[in-house]
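Here is how the chains run, residue by residue.
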Amino acid sequence: MEFESVIGLEVHAQLKTKTKIFCSCSTAFGSPPNTHTCPVCLGMPGVLPVLNKKVVDYTIRMALATNCEIERESRFARKNYFYPDLPKGYQISQYELPIARFGHIDIEVGDETKRIGITRIHMEEDAGKLTHDPDRPVSRVDFNRTGVPLMEIVSEPDIRTPEEAGAYLRKLRSIVRYIGVSDGNMEEGSFRCDANVSIMPKGSETFGTRAELKNLNSFKHVEKAIYYEIERQKEIIGDGGEVVQETRLWDPVKNVTTSMRSKEEAHDYRYFPDPDLLPLVVENEWIDAVKAELPELPDEKKDRFIKAFGLPSYDAEVLTSSRELADYFEDCLKVFPNAKPVSNWVMGSLLGLLNTEGKTIEDSPISAHDLGHLLKLIDEDVISGKIAKTVFDEMAKTGKPPKKIVEEKGLVQVTDVSAIEAVVAKVLERSPKEIEEYKGGKTKVLGFFVGQVMKETKGKANPKIVNEILRDKLG
Amino acid sequence: MKITKNEVIHVAALSRLDMNEESIDKFASQIGTILEYVDTLKQVDTEGVKPTSHAIFLTNAFREDEEKEHLDRENALANAPEKEDGNFVVPKVIA
């Protein structure tokens, strides 16, 4: 039987606020354990949580960026469970009345654009960090992270393949970074993903029993874990068995998912409205104010790059994958306003360089300004395209501006006709065999002569002039 | 409203309470009585009344995103039965 998989993702993005969601403690990462706490986030009796306005601002921003409807009134609820990373015995979250619903984003898989629905976005607090002692039966608890604001984004079960799941996540991450509400760093845990995976006979309208996958802390793991899980479920059903609804943990070393909780421990969170927190009312004026400050989103930027600069869709997609890269590209254009060559250099040499050095565009050793000037030097025939690559490598190494490197290393292109003629004469003199071939109709040999002249001039001769002179001399 | 023994066992498990047979029976009957008392509320006519989660008609209490002083660690850990290197120490929760 042929199967179709059904995937829904739950993403937790840590919001980039200075302070926690319900108290004035710092959200800074990496401080000594339990130094960013107060009676509120330690869950002392009698304290009163007060909502951080910026958390709401950021969540509205995300809701708008993902085409959600924003609820005029939403509410916070207590999700009750006992686990030592949660000092109060409940997590403050939103349940039956989340702040936003009914959104969507578009993803590109292959040549196709696909719309993935967003079921809801809500705000909640993060839990503390547990460290399990390897030798003794104890765990240590650090409450610094307790109360750090999270935004949970729940997708509709519209995703069908691991690749689509990856594309959806990358797009979501790109959006949170564009609008500046989260770092979106999966490895450091500021962007986390759980996946609900089930399979059903192809064309069926009834979903199968799903498993929830956890511990997916990189894009690669998300795709691999989902792929593994689909295959596992196919095997079970193929053998006449039944998939059990459960939570499964991805093991990135063994590349398998393993059962985490048994069915008997099914959750019973006993949600109820938190009486300590007032209902949240978001009026249209607030939404309009946030909307007015919303930056250009990835899809809008991509469209503009295609329309305004005439770039191919692929170039526009790559260049707008992060706001920083898009800014770099546009900064380059300010110096050298010719989009396609800039795009080629940024996507080719520059991204290649960053990739090799393991750097991001923000700490690129070559500034957008300098790269623009390098391209200008090519365009103005000061250097050849070939020499430009040498200059580029030197810029990466030394951080010097291109003009200075060209001057210091004497790389200025030779456009002096008589100088080039002299070199051409020298090359022709020593190649009687090739001249004969050329005259015999083998015009491809021209490339040989050009190569020889370039070699003699260490790549500095202007190729256009070289070609002209050669054709002239060879008749 | 009656409450079954199994419901008491379930609620006790969720609250991490260990209970013997005798107290299960006792609590089943006591919780049942409390719920019956609360059921009295059902006699009130609530036609046209929206579900209420808060008794006061206030909305939107906010704080600005400004950092204030933290509790010093000594005090944060003062009530902890066990502590180590600035951490709370609890029985291991994952096998």
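Residues numbered from 1 in each chain as written. Chains lettered and ligands numbered in written order. Predicted model: local features only at pLDDT ≥ 70, side-chain atom pairs only at ≥ 80, totals over all residues. Heavy atoms only, no water.

Per an unreviewed UniProt entry, chain B carries the name Aspartyl/glutamyl-tRNA(Asn/Gln) amidotransferase subunit C and comes from Desulfonema magnum. The UniProt entry for chain B carries the following comment under Sequence similarities (unreviewed entry): "Belongs to the GatC family." (UniProt positions renumbered as here; feature names shortened; annotations may be inferred.)

For chain A, the name recorded in an unreviewed UniProt entry is Aspartyl/glutamyl-tRNA(Asn/Gln) amidotransferase subunit B, with Desulfonema magnum as its organism. For the record of chain A, the UniProt heading Sequence similarities (unreviewed entry) holds the text "Belongs to the GatB/GatE family. GatB subfamily." Here chain A is described in UniProt, under the heading Subunit (unreviewed entry), as follows: "Heterotrimer of A, B and C subunits."

Scanning chain A for helices and strands turns up 15 helices and 17 strands. Taking 23 Å as the expected radius of gyration for a compact globule of 475 residues, we find that chain A reaches 30 Å, considerably beyond that expectation. Across its three principal axes, chain A shows a C-alpha extent of roughly 95 × 55 × 55 Å. Residues counted as buried form 50% of the 475 residues belonging to chain A. For chain A, restricting intrachain contacts to residue pairs at least 6 apart in sequence, the fraction spanning at least 24 positions comes to 68%. Carbon and sulfur atoms make up 50% of the accessible area of chain A, which totals about 22,600 Å². Charge-centre separation for chain A: the mean point of 66 positive side chains lies 5 Å from the mean point of 77 negative side chains. (Helix = DSSP H or I, 4+ residues; strand = E, 2+ residues; numbered from the N terminus. Rg over C-alpha atoms; globule rule 2.2 N^0.38 Å. Buried < 20%, exposed > 50% of the residue type's maximum accessible area, 1.4 Å probe, protein only. Contact = heavy atoms within 4.5 Å. Areas by Shrake-Rupley, 256 points an atom, 1.4 Å probe, with all protein chains shown as cover. Lys, Arg positive; Asp, Glu negative; His and termini not counted. Charge placed at Lys NZ, Arg CZ, Asp CG, Glu CD.)

Another aspect to go through is the UniProt feature "domain: Asn/Gln amidotransferase" (unreviewed entry) in chain A. UniProt's feature table lists "domain: Asn/Gln amidotransferase" (unreviewed entry) at residues 327-474 of chain A, given in the numbering used throughout. End C-alpha atoms of residues 327-474 of chain A are separated by 49 Å, and the span's content is 71% helix alongside 0% strand.

Taken in spatial order, the 9 strands make up an open sheet running β3-β7-β8-β11-β1-β12-β13-β14-β15 (chain A), and their pairing is mixed. Strands at the two margins of the open sheet, each flanked by one partner only, are β3 (69-70) and β15 (256-259) of chain A. (Pairing = 2+ DSSP bridges.)

Quick look at unusual backbone geometry now. Residue and element names in this part refer to chain A. Phi is positive for Asn34, close to 60 degrees, though the residue is something other than glycine. Tracing the chain through its elements places Asn34 in the loop between β1 (3-14) and β2 (51-52). We note that Asn67 has phi near 60 degrees; this positive angle belongs to a residue other than glycine. Its location among the elements puts Asn67 in the loop between α1 (53-65) and β3.

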